[in-house]
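# Coordinates in review
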Amino acid sequence: MTTADVTVAPSTTLGATAPRTATADTIQLVRPAQTSRHTSRLPRIPRLVRRAVGPLAVIGLWQLLCETKVFAPDEVASPVAVVQAARQLWAQDALQSNLLISLQRVAEGLVLGVAVGVLLAVLCGLFWLGEDLLDPVIQAARAVPILGLVPLAIIWFGVGEFPKVFLIALGCTFPVYLNTYAAIRGVDLKLVEAGQTFGLGRWGLIRKIILPGALPGFLVGLRFALVSCWIVDVVAEEINAQSGLGYLINQAQTTNRTDIMFLCLAIYAVLGLIADAIVRLLERQLLGWRRAFKGA
Amino acid sequence: MTQLAVQARDVSKSFSARTVIKDLDLEIRPGEFVALLGRSGAGKSTLLRIFGGLDPDYEGDVLVPQRHAVVFQEPRLIPWQRVLPNVALGLRPTADIKRQSEAALAEVGLAEHARAWPVTLSGGEAQRVALARALVREPQLMLLDEPFGALDALTRTRMHALLQDLCERHQPAVLLVTHDVDEAITLADRAVVLSDGRLTLDLQVELDRPRDRGNPGFIDLRTRLLAELGVPEETPSSAG
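Residues numbered from 1 in each chain as written. Chains lettered and ligands numbered in written order. Predicted model: local features only at pLDDT ≥ 70, side-chain atom pairs only at ≥ 80, totals over all residues.

## With respect to the overall build of chain A
Per the secondary structure count, chain A includes ten helices and zero strands. Across chain A, helices and strands are ordered from the amino to the carboxyl terminus as α-α-α-α-α-α-α-α-α-α. Within the span of chain A, comprising 296 residues, buried residues form 27% of the whole. Contacts in chain A between residues far apart in sequence, at least 24 positions, make up 70% of those at least 6 positions apart. (Helix = DSSP H or I, 4+ residues; strand = E, 2+ residues; numbered from the N terminus. Buried ≥ 20, exposed ≤ 12 C-beta atoms within 10 Å, placed from the backbone. Contact = placed C-beta atoms within 7 Å.)

Structure below.
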């Protein structure tokens, strides 16, 4: 905080009042604390660059620790080794095909899971009958560890694509359901009343007020779903698949290729970043009406 | 028999054990501006919500025009819709509605804010949008629930002038719920006081407009209304 050396002289306009000593009335004036985001002294660095600094620093540190043998080479592959593994696998066409099949499974499971989650949330959020009938069942099902269902899914659906997509969808349904449902129930009753008085019918209220109002909550659920879909995908592919990123990790384990394992982990990380970027874009497009705290 | 804009007979309303409104009668003529005064918790807003169709759980007979509109104490704009669609809320979006909404926005002096988000408006601006949203329906009855209560004194005075102007042009019947006696006398043709669940005072306000708060007739009305509201004499002006 900067202190301006200004002293305020005692007022002389009071006339009749006895003069007081100047020292007693000396007031130290200071500038108010700077809270605005726009007055930062740092030069403006593009947002993308600022966001890239953290991950790049982690990679740099990782390479450094590998080269100085802090990490044993047979336990932790260095970033350079990971890039070489990527080149090698790409040349063998092993990387593209496995990545593609995983992406396809995750996309299918995500679409299915999100759709079911939203549908259930709408049914439970809008109708008390839906809530009473469905919510206890969903809450109970949610408590079952999805990964524990993998053996059952194989028994039920065999070893084809469907059990994997089914498990991924299951992993996406619950976070979307929970957040969307809570958001629907959190829509301001005052806005609903306003809509009612101005002639919105049941469908109009749902379309114009309740669903848009629940959108921020849905997007939070979507973020969770984008993470859990990959977790389920890896496990499903490690246990019961002949292709995919999880399968690649599993194979790397049998041949002790830590570079490939780290490559797959790095791919997951990048996919996570991309997913996050997509949701951010969605939020910017869809939630432009909000004025929220954006960070100092 | 003359036509009425509001016809309420034997209206009663209780919340669990507490009776808020008891056998209340109220008639409002078309184009008449009625101010409904009462102490906090007297049931003013409850009565307005019954008239507005927001509270179907009452006893008695209530008739209001099909075309009625509510302005709440808070603007209650839909935050994810821009100003213009907020004005047209609940109306089928035809080209004509768009034009009428723009005209209503222009009437409240906010034509250039049509594309703004509600969150960017000041309190007075948002309340003017809420007024435009009510007006665009060409209501035969406007229900105003302390619409200026949350505004600063300067803005409130300007809103009074705007409301009088709009009422003169559109001639709706108005029921204004307020706890501000001066506001009631300034705006209304008739002031009624709700206490103990009934209308205990019903005064015609026969003063020339614009009304001067220093006018003896104004002061006399204020004294009588404040007495009915149980406020001790000689508080020079009611706090807003």
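And the narrative resumes.
## A closer look at the sheet that holds strand β4 (residues 59-63) of chain B
All names here are of chain B. The antiparallel open sheet is built from three strands, whose spatial order is β2-β1-β4. The open sheet has two edge strands, β2 (18-28) and β4, and neither has a second partner. Taken over all neighbouring pairs, the strand axes of this sheet differ in orientation by 20° on average, direction set aside. Direction of pairing for strand β1 (residues 6-15) relative to β2: antiparallel, over a ladder of seven bridges. Looking at the pairing, Lys13 lines up with Ile21 of β2. Strand contacts of helix α1 (residues 44-51): β1, β2 and β4, with the helix running at about 120° to β1, the strand carrying the most contacts. (Pairing = 2+ DSSP bridges. Axes fitted to C-alpha atoms, helices over the stretch in contact; angles between N-to-C directions.)

## With respect to the interface of chain B and chain A
Every contact between the two is made by 15 residues of chain B and, on the other side, 15 residues of chain A. Along the lines of polarity and charge, the residues of the side of chain B that touches chain A split into nine nonpolar, three polar and three charged. (Nonpolar A, V, L, I, M, F, W, Y, C, P; charged D, E, K, R; others polar.)

## So, unusual backbone geometry
A cis amide bond, omega -5°, links Arg209 of chain B with the succeeding residue Pro210 of chain B. Structurally, the position occupied by Pro210 of chain B is in the loop between β9 (198-204) and α7 (216-228).

## Digging into the environment of Ile154 of chain A
Residue and element names in this part refer to chain A. Tracing the chain through its elements places Ile154 in helix α5 (residues 150-157). Looking at Ile154, the number of C-beta atoms within 10 Å reads 17, which means it is partly exposed. For Ile154 and Val187, which are 33 residues apart along the polypeptide, the C-alpha to C-alpha distance reads 41 Å. The contact partners of Ile154, leaving out residues within four places of it in the chain, are Val159, Pro163 and Asn240.

## With respect to the nonpolar core
One finds Val6, Leu36, Ala132, Leu175 and Ala188 of chain B to be the most contacted residues of the largest nonpolar core, which totals 122 residues. If you tally residues by element for this core, the top one is helix α6 (residues 161-185) of chain A, at 14 residues. (Core = buried A, V, L, I, M, F, W, Y, C linked by C-beta atoms within 7 Å.)

## Side note on the sheet that holds strand β3 (residues 33-38) of chain B
All names here are of chain B. Read across the open sheet, the six strands follow the order β5-β6-β7-β3-β8-β9; overall the sheet is mixed. Strand pairing shows two members of the sheet lacking a second neighbour, β5 (68-71) and β9, which therefore form its edges. Averaged over all adjacent pairs, the angle separating strand axes in this sheet is 20°, with direction ignored. Across six bridges, the pairing between strand β8 (residues 190-195) and β9 is antiparallel.

## Thoughts on the environment of Leu248 of chain A
Residue and element names in this part refer to chain A. Among the structural elements, Leu248 can be located in helix α9 (residues 245-254). Each C-alpha atom, one on Leu248 and one on Pro73, is 20 Å from the other, the two residues being 175 residues apart in sequence. With residues up to four places along the chain from it excluded, the contact list for Leu248 reads Asn98, Ile260 and Cys264.

## Comments concerning the confidence of the model for chain B
All names here are of chain B. Of all residues in chain B, 95% have pLDDT values of 70 or greater, and the mean over the chain is 92. Confidence, expressed as mean pLDDT per element, reaches its minimum in chain B at helix α3 (residues 95-107) with 93 and its maximum at strand β7 (residues 173-177) with 97. The ipTM value of the predicted complex is 0.79, and its pTM value is 0.77. (pLDDT = per-residue confidence, 0-100.)

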